Amino acid sequence: MQGFIIERLYPTGWRRSGELYWRLSDAERESRRAMQEHEARGVRILAAHINPVAVIEHLADVLGREDEN
């Protein structure tokens, strides 16, 4: 699975935003908007590879309560 992260160039250097975009078109749209509104000196889109294996998983029991173990 792949997502996209935007980096913006400021006078102090490149900084990554905290938002993850699931479609490249959404990341492109946001990067164009940021440039048009002069929010950054430059913008680049980075690919983020998402591992489908869960680090932690919580499931509810049959009655809808969380497992207390």
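For the structure itself, look to the data block above.
Here the structure is a predicted model, which is why all the values come from computation and not from measurement.

(A) Looking closely at the packing of aromatic side chains. This structure, assessed with the given rule, holds 0 aromatic pairs. Against the face of Trp14 rests Arg44, its NZ or CZ located 3.8 Å from the ring centre.

(B) Summary view of unusual backbone geometry. Phi is positive for His38, which is not a glycine, with a value near 55°. By secondary structure assignment, the location of His38 is in the loop between α1 (24-36) and β3 (42-49).

(C) Fine view of the environment of Pro11. With respect to the helices, strands and loops of the structure, Pro11 is situated in the loop between β1 (2-10) and β2 (13-21). Put simply, Pro11 and Ala40 are 29 residues apart on the chain and 8.6 Å apart in space, counted from C-alpha to C-alpha.

(D) Here's a closer look at the pairing of β1. Judged from the 8 bridges that link them, β1 and β3 form a sheet pairing that is antiparallel. Among the inter-strand pairings, Ile6 is bridged to a residue of β3, identified as Ile45. Here β1 pairs with β2 via 6 bridges, running antiparallel. By the bridge assignment, Glu7 is partnered in β2 with Arg16. Here β1 folds back onto β2 in antiparallel fashion, the turn holding 2 residues.

(E) How the structure looks around α1. For α1, which comprises 13 residues, the first-to-last C-alpha distance of 18 Å matches the rise-based estimate of 18 Å (1.5 Å per residue) to within 8%. Buried within α1 we find Asp26, Ala27, Glu30, Ser31 and Ala34. The buried residues of α1 occupy an angular sector of 135° when the element is viewed end-on, so they sit on one face. On its buried face, α1 is in contact with β1, β2 and β3. Just past α1, the residue His38 takes up positive phi, approximately 55°.

Reading the values: the criteria
Residues numbered from 1 in each chain as written. Predicted model: local features only at pLDDT ≥ 70, side-chain atom pairs only at ≥ 80, totals over all residues. Heavy atoms only, no water. Phe/Tyr/Trp six-rings, centres within 6.5 Å; stacked < 30°, edge-to-face > 60°. Lys NZ or Arg CZ within 6 Å of the ring centre and 35° of its normal. Helix = DSSP H or I, 4+ residues; strand = E, 2+ residues; numbered from the N terminus. Pairing = 2+ DSSP bridges. Expected span 1.5 Å × (residues − 1). Buried < 20%, exposed > 50% of the residue type's maximum accessible area, 1.4 Å probe, protein only. Arc of directions from axis to C-beta. Contact = heavy atoms within 4.5 Å.

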